[in-house]
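Take a look at the letters that make up each chain.
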Amino acid sequence: MPRFAANLSMLYNDLDFLDRFSAAARDGFTAVEYLFPYAYAPEQLAALLQQQGLQQVLFNAPPGDWDRGERGIACIPGREAEFRDGIAQALRYAKALQCPRLHVMAGLVPAGADAATVRATYIANIRHAAEQAAAQGVRILLEPINGRDMPGFFLSRQDQAHALVAEMGAANVQVQMDLYHCQIVEGDLAMKIRQYLPTGQVGHIQIAGVPERHEPDVGELNYPYLFALLDRLGWDGWIGCEYKPARGAAPHATSDGLGWLKPYLAKAE
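The shown structure was predicted, so the numbers you read here are calculated from the model rather than taken from an experiment. (Residues numbered from 1 in each chain as written. Predicted model: local features only at pLDDT ≥ 70, side-chain atom pairs only at ≥ 80, totals over all residues. Heavy atoms only, no water.)

Colleague: I keep staring at the sheet that holds strand 6 (residues 173-178) and nothing clicks. Help me out?
Modeller: Strand-to-strand pairing in sheets goes through backbone hydrogen bonds, with the strands running parallel or antiparallel. Within the closed barrel, the eight strands sit side by side as 1-2-3-4-5-6-7-8. Their pairing is parallel. The mean inter-strand angle of the sheet, taken between neighbouring strand axes irrespective of direction, is 30 degrees. Note that strand 2 (residues 31-33) and strand 3 (residues 55-60) share three bridges and pair parallel. Following the sheet pairing, valine 32 is matched in strand 3 by glutamine 56. (Pairing = 2+ DSSP bridges. Helix = DSSP H or I, 4+ residues; strand = E, 2+ residues; numbered from the N terminus. Axes fitted to C-alpha atoms, helices over the stretch in contact; angles between N-to-C directions.)

Encoded structure:
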């Protein structure tokens, strides 16, 4: 049966970030993910997880200057030292939070950059991250992101990500398969799931409704069918709920939109 993690960067966003942990636990979530933990001390976040009985299943490595539009620096030549410092910081947090997965955002391809140099930079940086993370038992995840939401992002397709994983050959490098991004870029989700899950290269799944990125039961996708397919294929990982709530009003907007989740929580009890 699917196991769902609340993405605290998107859900409960009418609450202070530190209050979202208890809100997620009250709604029946047992795991959380979010973009970045770095505004808070790792000990503070670890204490919240323990108090609420939550697992930290994923967060992102430092992305560069997010507020100025950077979306990762792994593919950007000349930023290697900054990248390595960011991985060291992320792994310190992963250890404190007992988090086994770290998403490393590829970044936006610099205008005019040589494609071969950008690709080589990305591979070298991910190999470094994987080597550092392996000692902690942490998996490095690569996520294809659609070009409508992030124009110019280095990684946008599942086949591209899986080819890079195979080329790098590191056992702890896997693909973060976000079905929202995959549907926008490629579609044919059931066949993509059937193709890639058996490879063992999918390390995490995320969901949202398409096209507006709202609740999974809003939009063009039949998520109950996809969840049943994941079950049949033996998926035992987490599914991150990375969507923008569209139902209800503050401060209960997220909770009011969780009708789609309740049948799965009931089965887990």
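Colleague: What is the right way to look at the packing of aromatic side chains in this model?
Modeller: Here a ring pair, both rings aromatic, is described through the centre-centre distance and the interplanar angle of the planes. The final tally for this structure, using the stated rule, is 16 aromatic pairs. Between the aromatic rings of phenylalanine 17 and tyrosine 40, the centroid separation amounts to 5.3 Å while the plane-to-plane angle is 20 degrees, which identifies the pairing as stacked. Taken together, the residues span a long stretch of sequence, with phenylalanine 17 in the loop between strand 1 (3-7) and helix 1 (20-26) and tyrosine 40 in the loop between strand 2 and helix 2 (42-52) at a distance of 23 residues. Judged by its relative accessible area of 11%, phenylalanine 17 falls in the buried class. Overall, the relative accessible area of 23% leaves tyrosine 40 in the partly exposed class. Taking 6.2 Å as the distance between ring centres and 70 degrees as the angle between the ring planes, the aromatic pair formed by tyrosine 243 and tryptophan 260 counts as edge-to-face. A residue pair is termed long-range when its members are at least 10 positions apart, and tyrosine 243 in the loop between strand 8 (238-241) and helix 9 (253-256) and tryptophan 260 in the loop between helix 9 and helix 10 (262-268) qualify at 17 residues. Both residues of the pair, tyrosine 243 and tryptophan 260, count as buried. (Phe/Tyr/Trp six-rings, centres within 6.5 Å; stacked < 30°, edge-to-face > 60°. Buried < 20%, exposed > 50% of the residue type's maximum accessible area, 1.4 Å probe, protein only.)

Distances and angles like these do not, on their own, reveal function.
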